[in-house]
Structure formats: C-alpha cells, structure tokens
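Structural features, examined
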Amino acid sequence: MGTGVERRTFEMIDDDDDKAREDLARYGNENDRRDMTRLGRIQEMRRNFKSLTVIGFCAIFMCSWESLLFTAYIALNNGGSAGLIYTWIVAWVGFNAVYASMGEMASIAPTTGGQYHWVSEFAPPGNQAFLSYVIGEPGLDTRNADGRRVVVGSFPGWLGVLGWQTLVTSIAFQAGTLTQGLLALNYDTYEFQRWHGTMLVIAVIVFAFTFNTMLASRLNLVEGAILVVHIFGFFCILVPLWVLAPRAPSRIVWTEFHDGGWNNIGLSTLIGSMASFLPLLGADASVHMAEEVQDAARTLPISMMWSVNINALMGWLTAITFCYCIGDLEQVLQTKTRIPFIQVVFNVTQSYRATNFMVCIVLLMVTFSCVTIMAGASRQMYAFGRDKGLPGSPWLSHVHPTLGVPVNAVFMSTLISILLSLINIGSSVAFENLVALGSGTVMISYIVCIGCFIWRQHSGEPIPPAKFSLGSWSLPVNMIALCYLSVVFVVVFFPQAPLPLLTAESMNWSSLIFTVVVAWAMAYYFIWSRRVYEGPVKITKQSQAGTDVSRSAECSRTL
C-alpha cells in the first residue's frame, strides 16, 4: 500500500469525510494495524491521541518544573546552587540518551505493555519469560507534607502494577497537602490533620476516575489544553519571582558549592543530583497509551524526546530562578505551610491573593498529573492482565464497548489507590514506607530494557524495522544511557543526610525494601507464575508465524 495511506492521519482527511475519520480513530492507520498484527494484538481501544496530545500526556505526567519546586532544597543542602544547576544539565543529557534508546524500542514494539514487553521480546530466549515478569514499570518521586521523599518506583512483576497504583495515591496526596498548605497560609488557626489530607486525596482520585471513564473520549483534548497551562503557568510562577524577588549574587549562584556534611564536595553534589534526575523520570509514560495513539511507532518516540527536552529546559530555568530568589533557606524550610515553595512565593509577593493564585496553578497541574498517571496505571494493569500476569486477568483486560477504555482496570486502580490512602489516617510513617518502594528499581527497569536491546542488536537475530531508528548511533547512545543509569542507580540508595544528622525516619530504606520485594517476587514467580505466565513474546512469535503461513499460502495460490 502506498506511503500516503500508511502515514494517513486526521490532518490528511477531508473535513466532510466522517467515516474515514471514524475508522482512523477506531483502528489507526496502516502502520498501526501492521504493528498490532505483528504483536498479535486486537485493536480494542480508540486511537484518539495525536502528536500534540501525546506530548501533553508525557509533559503533564512528568511535571518537571513543578516537581523541582518540591525537590530543589535537596540539592541546595547537598551541592548548593551551583550543584543544582550543573547536575541538571548532566541529567538533561543523560535522559536524552535514555529516552532515545527507549524511543527506538517503542518504535519497534508500540504496545501498552511497555518495558515488560520489550524485555520479553529482546532478552535472551532462555530468560525472556522470567525477566519480563520480574521487570516492572518506572515510577516517580513525590513529596509528602513534610518534604520527605515518597518514592514510587518500578517493581518486580505484577507488583509493578501495584506500584503504579501507589503512584496514583502519592500524586493525589501531593495535591491534598498542597491544599492543606494553602489553608495553613490563609488561616492561622488551621492545624494539619492526617484525615483532612486523606479526604482530599480521595477527592482527587475520584476526580481522576471520572475523567478516565465518563470523560475518557475527551482525555486527549484535555491533555492538549493542560499542556498550554503547563507552559504558560511556568511564566506565571517565574516572572513575578524575576521581577520582585531580591536576588543572590551571580558569583554565589553559579560557582558556590555546598557540602551537606559528607566532608566531600563531589559526593555531596552527587547525592544532591537526585533533585535533578527525579523530575525527569516518566517521559516513557506515553508508551502505556500506545494502543490509543495514531501512528504510534512514529508518534511515541517523538513525544518522549519533545517532552523530556521541553520539561528539562523549563526545569533548568526554574532551578536557576529558585537559586537566585529563595532567600533564607532555613526560614523557608521551617514554614508553617510545610511546603517550602509556598513560603518562597509569599515572601516575594507579600500577597495572599497572588500566592493563592500561583500555588493553585501548581495544584491544577498536580491534579491533572493524577488523571494522567491513572490513565497509565490502568493501561499497564490492562496490558499485564491481557498477558495473564494478574489474578482475574479476563475481567481486568475487558474494554468497555462504548467508552473504548478498560473501565474495569480504571475502577480497580481507583479502589486500590483509595484503600492505600486510608493508611495515612492511622500512620503517616506507615503510609510513606508503603509507597517508598525504591526508586532504584526505576533505574533497573531502564537498565535491563536497554541491556536486552543491546544484546539483541549484537546477537545476530533480526530486529523488526523502526520508524525511529538511531542507526549507527544506537550503540554509543545505549552505552551512554547505561553508564548514566548505573551511577544514578547507586545514588538513589543514599540517604539525604550523613551521620550524626541521620535519623530512623529520614533514613533511605530503599535498598532494604528493594531487596525484600525482589526476593519475594522471584519466589512467587518460581512457585506459581512460571506455570501460567509465558510473556508477550510468545504471542508475537505465534502472530509472526501465522503471518508467514498466510503469505506462503497467498504466494502458492498466485503461482
């Protein structure tokens, strides 16, 4: 079929050709159909997402400049202002290599399964099912009301699905604590109560559920609209700081490093780099919407690269602005709002109305980030259920015939997230430890995916063609990505403060949690899952075999 048909999109269809537009939304173009056939999948969901809306989906999922407002103080305590500015540049370059590599894999296999599918397809044959089951999905770091790290990472096997549910809860929790921070700012008599925050969390989760079900057909339009808010909100926050805030000397901002107590500037700066790479995680989230994207093999890699660079640029400018305008760091950290950036904005504007407006922009972005993350979480649950990786897989993998979305998976994501949020009423420490399952596993999922892809490239086995191909640059880019991720993997297990400042509550327990969860999931796989879980690669191979047989039969009839 001709190239013009293969690349057909909404923009190439006449306005009055409603049937063609409907077919494109239901089935995608020829490229999408060919990819789904190769992967052995049936098109069940509507392909409403186009290039701009997918970029919006990724950018809103990451919320990098918004996240930096919560994480910047880590770098200011470890590395100082210069450490934050320069480590952000390093993270920017490193994640460009990471997402370029993952973009090529997404172009080869544009499936909602994402990482676990790629590992299944590219890993050595003897380890495909096991590695696919063990490698979970990436997650993000958020902050609780006290500014402590709340890490939701990727997890072994179907626990990766649970990880995405805790991520929904964590982002909703961030929105709830932002609301509480505003209440504390405006009302001196307000006292933080855990049940207040939990009720606000549930409200945000229910809002996300509504958008992902009844308004699912408009989700793509909302993502595009919120992308505009994401960009213009950036200027609404930073311009007042540029104009009104007293500025620190440039010599201090650009050249002064700070040792947070490690007795080594380099080590302290390296630990502070967590503030730089954590906000840049998640650009690959669009992969979980692959089967709802038009011309996914081309659109997904482009959306990842655009979103990481847009967010990295805005985040870097935010970092520079924060370093110039933060003022007295100790006073800001002791704020009654429990959220430092709220106090910074109020110190600069000296206006409750202006502060409320500016913080509400961030609150809006965090709320819609929850909507986006729930979409990704439900699709990940749907995909893993479709491959029989979860109990109740037939029910979870059902797609609503009218809405065109996996409503059952969305409902289950909502229910799990609400139940997790209730733990915070009894103990905030228990809640934090539940969701803090280790950002090191995020890096492991990336490392294993890229490592398996390198193995496949050099194994001599054929690799399906990709619309987004790195060509001769593939190996250098993959090696840069692996080297960077290896360093980051070590850094995420460090606590933010050394002894004697370190306490049991501020300790980074990621290494312990990571080890326990991996050991448990491996045992679970060998005891039960290995009997029923074969990995998506088997479906792909069966589909390819069927396609080859059909082609041979057609050639025979022709002869």
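Residues numbered from 1 in each chain as written. Predicted model: local features only at pLDDT ≥ 70, side-chain atom pairs only at ≥ 80, totals over all residues. Heavy atoms only, no water.

Within the chain one finds 25 helices and two strands. Per-residue burial for the chain yields a buried fraction of 59% across its 559 residues. Sequence-distant contacts, at least 24 apart, represent 78% of the contacts inside the chain between residues at least 6 apart. (Helix = DSSP H or I, 4+ residues; strand = E, 2+ residues; numbered from the N terminus. Buried < 20%, exposed > 50% of the residue type's maximum accessible area, 1.4 Å probe, protein only. Contact = heavy atoms within 4.5 Å.)

On the surface, a cluster of nonpolar side chains totalling about 760 Å² of accessible area is made up of Trp195, Met199, Trp395, Phe411, Leu415, Leu419, Leu422 and Ile425. Those elements that provide at least two residues to the nonpolar patch are α10 (194-213) and α20 (407-426). In terms of residue count, the dominant contributor to the nonpolar patch is α20 (five residues). Relative to the elements of secondary structure, Phe411 occurs in helix α20. The exposure class assigned to Phe411 is partly exposed, which follows from its relative accessible area of 40%. (Patch = residues over 30% accessible without salt bridge, like charges linked within 9 Å, V, L, I, M, F, W, Y side chains within 5 Å. Areas by Shrake-Rupley, 256 points an atom, 1.4 Å probe, with all protein chains shown as cover. Salt bridge = Lys/Arg side-chain N within 4 Å of Asp/Glu carboxyl O.)

The subject of this paragraph is the pattern of salt bridges. It is possible for side chains of opposite charge to pair when their charged atoms get near one another. Using the criterion set out here, one finds four salt bridges in the structure. With a shortest N-O distance of 2.6 Å, Arg379 and Glu292 are connected by a salt bridge. Separated by 87 residues along the polypeptide, Arg379 in helix α18 (residues 352-386) and Glu292 in the loop between α14 (274-277) and α15 (296-325) bring together distant segments of the chain. By relative accessible area, Glu292 is classed as buried at 5%. With a shortest N-O distance of 2.8 Å, Asp295 and Arg298 are connected by a salt bridge. Given a relative accessible area of 1%, Asp295 falls into the buried group. A relative accessible area of 23% means that Arg298 is categorised as partly exposed.

A separate point is α10. With 20 residues, α10 should cover 28 Å at 1.5 Å per step; its first-to-last C-alpha distance of 29 Å lies within 8% of that length. Every buried residue of α10 is listed here: Gly197, Thr198, Val201, Ile202, Val204, Ile205, Ala208, Phe211, Asn212 and Thr213. (Expected span 1.5 Å × (residues − 1).)

The next subject is the confidence of the model for the chain. Residues with a pLDDT of 70 or more make up 78% of the chain, whose mean pLDDT is 79. Ranking the elements of the chain by mean pLDDT puts strand β2 (residues 149-152) last, at 36, and helix α6 (residues 80-108) first, at 94. With pLDDT under 50 throughout, residues 1-16 is counted as low confidence; its partners more than four residues away or in other chains account for 34 contacts. Considering only residues more than four positions removed or in separate chains, one finds that residues 547-559, a stretch of pLDDT under 50, has one contact. (pLDDT = per-residue confidence, 0-100.)

Between α10 and α18, whose axes approach to 9 Å, the crossing angle comes to 60°. Classified by the angle their axes make, α10 and α18 are oblique. Between α10 and α18 the crossing geometry is right-handed. For the pair α10 and α18, the contacting residues are Val204, Ile205, Phe207, Ala208, Phe209, Phe211 and Asn212 in the first and Thr367, Phe368, Cys370, Val371, Met374, Ala375 and Arg379 in the second. (Axes fitted to C-alpha atoms, helices over the stretch in contact; angles between N-to-C directions. Parallel < 35°, antiparallel > 145°, perpendicular 65-115°, else oblique. Left-handed = near helix turned anticlockwise from the far one by under 90°.)

The periodicity of an α-helix, 3.6 residues per turn, causes residues three or four positions apart to be oriented the same way. The terminal C-alpha atoms of α18, which comprises 35 residues, lie 50 Å apart, in line with the 51 Å expected from a rise of 1.5 Å per residue. Of all 35 residues that make up α18, 28 are buried, and the element is covered over most of its length. Its side-chain oxygen placed 3.4 Å from the backbone nitrogen of Arg353, Ser351 serves as the N-cap of α18. (Polar contact = N/O pair within 3.5 Å; in protein donor to acceptor, adjacent residues only side chain to side chain.)

For residues besides glycine, phi is generally negative; the peptide bonds are generally trans as well. Backbone geometry at Asp295 places phi at a positive 50°, although glycine is not the residue there. Turning to its location among the elements, Asp295 is positioned in the loop between α14 and α15. The backbone phi angle of Arg338 is positive, close to 65°, even though this residue is not glycine. The topology assignment puts Arg338 in the loop between α16 (329-333) and α17 (340-349). Taking the relative accessible area as the measure of exposure, Arg338 reaches 36% and is therefore partly exposed.

This part covers the packing of α18 against α20. Packing of α18 against α20 leaves a shortest axis separation of 8 Å and a crossing angle of 115°. Where α18 crosses over α20, the handedness of that crossing is right-handed. Of α20, the residues touching α18 (which contributes Met374, Ala377, Ser378, Arg379, Met381 and Tyr382) are Ala409, Val410, Met412, Ser413, Thr414 and Ile416. A class-by-class count of the residues in the contact of α18 with α20 yields eight nonpolar, three polar and one charged. (Nonpolar A, V, L, I, M, F, W, Y, C, P; charged D, E, K, R; others polar.)

What follows deals with the packing of aromatic side chains. A full pass over the atoms with the stated rule returns 15 aromatic pairs. Both rings, one in Tyr190 and one in Phe192, keep their centres 5.8 Å apart while their planes meet at 65°; by these two values the pair is edge-to-face. Against the face of Phe192 rests Arg338, its NZ or CZ located 4.2 Å from the ring centre. (Phe/Tyr/Trp six-rings, centres within 6.5 Å; stacked < 30°, edge-to-face > 60°. Lys NZ or Arg CZ within 6 Å of the ring centre and 35° of its normal.)

Bringing the side chain of Gln180 into the picture now. Here Gln180 lies in helix α9 (residues 159-186). We classify Gln180 as buried; its relative accessible area is 3%. Within the structure, the side chain of Gln180 is placed 3.1 Å from the backbone oxygen of Gln193, a separation counted as a polar contact. In this structure Gln180 touches Tyr190, Phe192, Gln193, His196, Gly197 and Leu200, once residues within four positions along its chain are discounted.

This paragraph deals with the environment of Tyr352. Among the secondary structure elements, Tyr352 is positioned in helix α18. A C-alpha to C-alpha distance of 8.0 Å links Tyr352 and Leu185, two positions 167 residues apart in sequence. If sequence neighbours within four positions are ignored, Tyr352 has contacts with Leu185, Asn186 and Phe346.

In terms of nonpolar packing, the biggest core is built from 135 residues, with Phe95, Tyr99, Leu178, Phe277 and Phe341 touching the most fellow members. When residues of this core are assigned to their parent elements, the largest contribution, 14 residues, is made by α6. Those residues in contact with Tyr99, other than ones at most four positions away along the chain, are Leu280, Leu281, Gly282, Ala283, Asp284, Met304, Met305, Val308 and Tyr446. (Core = buried A, V, L, I, M, F, W, Y, C linked by side-chain atoms within 4.5 Å.)

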